[in-house]
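# A closer look at the structure
For reference, the chains in residue letters:
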Amino acid sequence: MNDRARRGGERREPSFEGGRSESSDAFDMRLSADDRSSRSHRGAARQEPREEMPKIRKGGGGNGGGRRRGRKRRSFLGRMMYWTLVLGLWCVIGVGGLVAYHAAQLPPINQLTVPKRPPNVAILAADGSLLANRGETGGRTVTLGEIPPYLPKAFVAIEDRRFYEHFGIDPIGIARAMVRNVTNRGGGVQGGSTLTQQLAKNLFLTQDRTAARKIQEAILALWLEQTYSKDQILELYLNRVYFGSGAYGVEAAAQRYFNKSARSVTVPEAAMLAGLVQAPSRLAPNRNPDAAEKRAQLVIAAMAEQGFVSQAAAKSALVAPAEAAERVGAGSVNYAADYVMDVLDDFIGAVEGDVSVLTTIDPKLQAAAETTLVESLAAQGGKLNASQGAVVSMAPDGALRALIGGRDYTKSQFNRATAAKRQPGSSFKPFVYLTAIEHGLTPDTIRDDSPVSIKGWQPENNSRTYRGPVTLQTAFAHSINTVAVKLNQEVTPKEVVRTAQRLGISSGLQANGSLALGTSEVTPIELTTAYASFANGGQSVLPYVIREVKSVSGKVIYARKATSFGTVVQPQVLPMVNAMFHETMASGSGSKGNLAGWEVGGKSGTTQDFRDAWFVGFTSKLVTAVWIGNDDNSAMKRVYGSGLPLEVWGKYMKAAHVGLQPSPLPGGLWRAGPKSIFDGGAPVAGMQPPAQTQTAGAGSDRAWVPPAPQEKNFLERLFGG
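Only a predicted model underlies this, so the values are computations on that prediction, with no experimental measurement involved.

Another aspect to go through is the overall build of the protein chain. Per the secondary structure count, the protein chain includes 24 helices and twelve strands. In the protein chain, which comprises 721 residues, the proportion classed as buried is 47%. Across the protein chain, the fraction of contacts at a sequence separation of at least 24, relative to all contacts at a separation of at least 6, is 69%. As displayed, the protein chain has an accessible area near 36,300 Å², and 53% of this comes from carbon and sulfur atoms.

What follows is the structure, encoded as structure tokens:
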């Protein structure tokens, strides 16, 4: 066999596909002709690559194998791209559906409006200074034009430096916050919310930290950006954001923490306010000044970095940081503010927008009254078991000048000056004596200080002694109980009730024998109002605290007009009553409270078991009542009206009259002289004996007429009574 045949035999023998075995031929014989032809054709087609296979094995590669692996590689990448696109599409659909779902929970966009900010009531003192803010926000609305430019820029610098560049949502800011949070740079966890998003949350949403709320927040932020300008959004934000301590908006916050308007804040104060909104409770400068200052330093650095303040201004702000204003006193001005709110709707109805209320309160007198009361109770209240007090001070025309409703407003908001009904004790006696004089008696009329019994009730004098015959002026000045009780019975309790009501006592009074000793309860403001008629020439007054109400635009909503309510104490009678008041201050129970150079009238009052102690007095300029007691009506330790209440009254009235020119009481003071026609002597000038008694009620328009004289008994003729 030659080499070629040998090589051919060698190739045919191992080759399964190239050579045909007998079994293969037998199998092929059983196939149809078409099958054999097709198989033969496929075999021929495979012959060419089979000849190259040894080369592939030897060479480790070839064109055919490279193409196969390329196709496999491209197939894998294609599948990855395909599924990525599919997954991304489904994510877009899912997010879109989620957004659509939460958008559907919101009101229709075309019906969406910014909620109206709750109105603020700015309560101003008589000199125009701010006493307090009332309302849900704690301060009025301010515009960007009213406040220094660095104040809004401080918020932009620390909360949203790209505020004027983004469209409501800031992807760059979100990415930056994520990077800082991951790398733990930037001073704690950073947020990606824009000022617009924060505003949307404050206006429309709750404070819940949920994905649903964030989605709705983003939707609303986009709506705000489409509806309002950037400056309008910033202004809304500054007036709505919460600063803690009940302050909403920069004006309320500036007043709360710095006792000034937002229009007057400095750069360090602006920085502290801007830093506060991140965590109002934790960063409040009055609670955590160190944390507030550190946060403010970050704000100042951000402002300087962004060119909102100069480097020099930033350095100055860092050297002299802001400090929260210290609140002095017991916050008594809030009692006056509460009273303003109690009566405001009587004049203007419901408050629809921000208003300012100009009051009659004198801030100096308010502070003087508070200081005097608080210091006196602090010094003596413990040993005397006296825990509370109230002061009402008004001009003779009824204008309230100071109103102290308690010792400390922060501990008790109950206004004792206007709402606490307490027994007035002997400070009610002037209404008995006034009624008696209107029935024809005079200050020098004689009455017997002796034991008295009314249906088994036997009132006694505080001294447990009796002086015998005394003038009414002496009995009044030394607060003799028996004489007052006898006079009450003489003129009848009903007449005394009418007199008290005519002068301004509106509380229910019991027309009984003990009325003369002040057993029917009244409020301090009622008693002060009634005494004002003695100080103003006998005119009726109504207490008032509001002079004028204006809207933010300056429109006058209400302005008080001078009103005369008529005469309630006749000119012939007034000098007699005031003479008795004056004698009380000269030689009686009020002698320790005299004011040098002034005609002063006053009356003390002490109730049973020392549960209440009063002193009420007046000059031609001011009428003031002081009450001392306990809220639980428990007894004090021998506190008389001529004691601690008179001490408070005297110190306050001396401070209140500094710099004022002394002036006499209107109508003058009665002087003892010839007897009046009612006592059988010469008539008092201007008085004529009437045919019948006529007592004008509180709402009567009929003139007062003195009563007819009564027939005197032997003792009265003997002693001139």
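A few words now on the confidence of the model for the protein chain. Looking at the protein chain as a whole, the pLDDT averages 83, with 76% of positions reaching at least 70. Low confidence marks residues 1–62, where pLDDT is under 50. Its contacts with residues over four positions away, or in another chain, come to 15 contacts.

Moving on, we come to the sheet that holds strand 10 (residues 601–606). Pairing is antiparallel across the open sheet formed by five strands, whose spatial order is 5-4-12-11-10. Only two strands of the sheet have a single partner each, and these edge strands are strand 5 (400–404) and strand 10. Taking each pair of neighbouring strands and ignoring which way they run, the sheet shows an average axis angle of 5 degrees. Note: strand 4 (residues 388–394) against strand 12 (residues 623–629), seven bridges, orientation antiparallel. Looking at strand 12, one finds that Gln388 is bridged to Gly629. In the packing of helix 22 (residues 574–587) onto the sheet, contacts are made with strand 10 and strand 11 (612–618), and the angle to strand 10 comes to roughly 70 degrees.

Going through the model one piece at a time under the given rule, you end up with two cavities of 30 Å³ or more. Taken as a whole, the largest cavity holds about 60 Å³ of empty space. In terms of lining residues, the largest cavity is bounded by Pro268, Met272, Glu293, Ala296, Gln297, Ile300, Ala317, Leu318, Pro321 and Ala322. Of all elements in the fold, only helix 11 (267–276), helix 13 (289–305) and helix 14 (311–319) reach the threshold of two or more residues within the lining of the largest cavity. It is helix 13 that provides the largest number of residues to the lining of the largest cavity, a total of four residues. In terms of residue class, the lining of the largest cavity is built from eight nonpolar, one polar and one charged.

What follows covers the nonpolar core. Side chains that are nonpolar tend, in soluble globular proteins, to be buried together. In terms of nonpolar packing, the biggest core is built from 78 residues, with Phe431, Tyr433, Tyr531, Phe534 and Ile546 touching the most fellow members. Setting aside residues no more than four positions away along its own chain, Ile546 makes contact with Val340, Val343, Leu344, Phe347, Val357, Leu358, Thr359, Tyr558 and Arg560. Core analysis: the next-biggest nonpolar cluster, separate from the first, contains 56 residues, Ile147, Leu238, Ala247 and Ala284 among them.

Now for the packing of aromatic side chains. Each aromatic ring pair is summarised here by two numbers: the centre-to-centre distance and the angle between the ring planes. One pass over the structure, following the stated rule, counts 19 aromatic pairs. Judged by centre distance (6.1 Å) and plane angle (75 degrees), the rings of Phe155 and Tyr237 are edge-to-face. In this pair, Phe155 sits in helix 5 (residues 150–159) while Tyr237 sits in helix 9 (residues 230–240), placing the two residues 82 residues apart along the sequence. Considered together, Phe155 and Tyr237 belong to a single accessibility category, that of buried residues. An aromatic cluster is defined as three or more aromatic residues linked by ring pairs; in this entry it consists of Phe428, Phe431, Tyr433, Phe476, Tyr531, Phe534, Phe581 and Phe618. The ring of Phe163 carries the charged tip of Lys230 above its face, separated from the ring centre by 4.6 Å. Directly above the ring of Tyr544 sits Arg560, whose terminal nitrogen or CZ lies 3.4 Å from the centroid.

Within the secondary structure, Lys383 is located in helix 16 (residues 363–384). Counting along the chain gives 253 residues from Lys383 to Met636, while the straight-line C-alpha distance between them is 9.3 Å.

Time to look at a nonpolar patch on the surface. There is a patch of nonpolar side chains on the surface, built from Phe76, Leu77 and Met80 and spanning about 310 Å² of accessible area. Along the polypeptide, Met80 turns up in helix 4 (residues 63–104).

Quick look at the pairing of strand 11 now. Taking burial as the measure, the seven residues of strand 11 include seven buried ones, the bulk of the element. Burial along strand 11 is two-sided: the residues Asp612, Trp614, Val616 and Phe618 and Ala613, Phe615 and Gly617 are all buried. As paired elements, strand 10 and strand 11 share six bridges and run antiparallel to each other. Opposite Thr606, over in strand 11, you have Ala613 as the bridge partner. Taken together, strand 10 and the strand that follows it, strand 11, pair antiparallel across an intervening segment of five residues, in which Asp609 is found at a positive phi of about 60 degrees.

With that settled, the discussion passes to the pattern of salt bridges. Applying the stated criterion to the full structure yields 19 salt bridges. A salt bridge links Arg295 to Glu159, with the nearest nitrogen and oxygen atoms 3.6 Å apart. Taken together, the residues Arg295 in helix 13 and Glu159 in helix 5 connect sequence positions 136 residues apart. One salt-bridge network, in which partners are shared between bridges, spans Arg162, Glu165 and Asp170.

Before going further, it helps to spend a moment on the side chain of Thr196. Secondary-structure assignment places Thr196 in helix 7 (residues 195–204). Of note is the side chain of Thr196, whose polar atom sits 2.7 Å from the side chain of Glu225. Those residues in contact with Thr196, other than ones at most four positions away along the chain, are Phe163, His166, Gly168, Ala221, Leu224, Glu225 and Ile233.

On to the packing of helix 16 against helix 23 (residues 644–656). Between helix 16 and helix 23, the least distance of the axes is 9 Å, while the angle of their chain directions is 155 degrees. Taken together, helix 16 and helix 23 sit at an angle that is classed as roughly antiparallel. Where helix 16 crosses over helix 23, the handedness of that crossing is right-handed. From helix 16, Leu365, Ala368, Ala369, Thr372, Leu373, Ser376, Leu377, Gln380 and Leu384 reach across to helix 23, where they touch Leu644, Glu647, Val648, Lys651, Tyr652, Ala655 and Ala656. Tallied by class, the residues present in the contact of helix 16 with helix 23 amount to eleven nonpolar, three polar and two charged.

The strand order across the open sheet formed by five strands is 2-1-3-8-9, and the pairing between neighbours is mixed. Both outer strands of the open sheet, strand 2 (130–134) and strand 9 (556–559), are each paired with one neighbouring strand and no more. Strand-to-strand, the axes of this sheet are offset by a mean angle of 15 degrees, without reference to chain direction. Strand direction decides the pairing type here: strand 1 (residues 121–124) and strand 3 (residues 355–359), joined by four bridges, are parallel. Pairing of Ile123 across the sheet is with Val357, part of strand 3. Its contacts with the sheet put helix 15 (residues 333–348) on strand 1, strand 2, strand 3, strand 8 (546–551) and strand 9, and the angle it makes with strand 2 is roughly 60 degrees.

Quick look at helix 9 now. For an α-helix, 3.6 residues make a turn, and residues three or four places apart therefore share a direction. With respect to burial, helix 9 is a largely interior element, eight of its eleven residues being buried. Listing the buried residues of helix 9 in full gives Lys230, Ile233, Leu234, Leu236, Tyr237, Leu238, Asn239 and Arg240.

Conventions and cut-offs
Residues numbered from 1 in each chain as written. Predicted model: local features only at pLDDT ≥ 70, side-chain atom pairs only at ≥ 80, totals over all residues. Heavy atoms only, no water. Helix = DSSP H or I, 4+ residues; strand = E, 2+ residues; numbered from the N terminus. Buried < 20%, exposed > 50% of the residue type's maximum accessible area, 1.4 Å probe, protein only. Contact = heavy atoms within 4.5 Å. Areas by Shrake-Rupley, 256 points an atom, 1.4 Å probe, with all protein chains shown as cover. pLDDT = per-residue confidence, 0-100. Pairing = 2+ DSSP bridges. Axes fitted to C-alpha atoms, helices over the stretch in contact; angles between N-to-C directions. 1 Å grid on protein atoms, 1.4 Å probe; cavity = no way out; pocket = protein on both sides within 12 Å on 5 of 7 lines; lining within 4 Å. Points joined across faces, edges and corners; volume = space filled by probe spheres on them. Nonpolar A, V, L, I, M, F, W, Y, C, P; charged D, E, K, R; others polar. Core = buried A, V, L, I, M, F, W, Y, C linked by side-chain atoms within 4.5 Å. Phe/Tyr/Trp six-rings, centres within 6.5 Å; stacked < 30°, edge-to-face > 60°. Lys NZ or Arg CZ within 6 Å of the ring centre and 35° of its normal. Patch = residues over 30% accessible without salt bridge, like charges linked within 9 Å, V, L, I, M, F, W, Y side chains within 5 Å. Salt bridge = Lys/Arg side-chain N within 4 Å of Asp/Glu carboxyl O. Polar contact = N/O pair within 3.5 Å; in protein donor to acceptor, adjacent residues only side chain to side chain. Parallel < 35°, antiparallel > 145°, perpendicular 65-115°, else oblique. Left-handed = near helix turned anticlockwise from the far one by under 90°.

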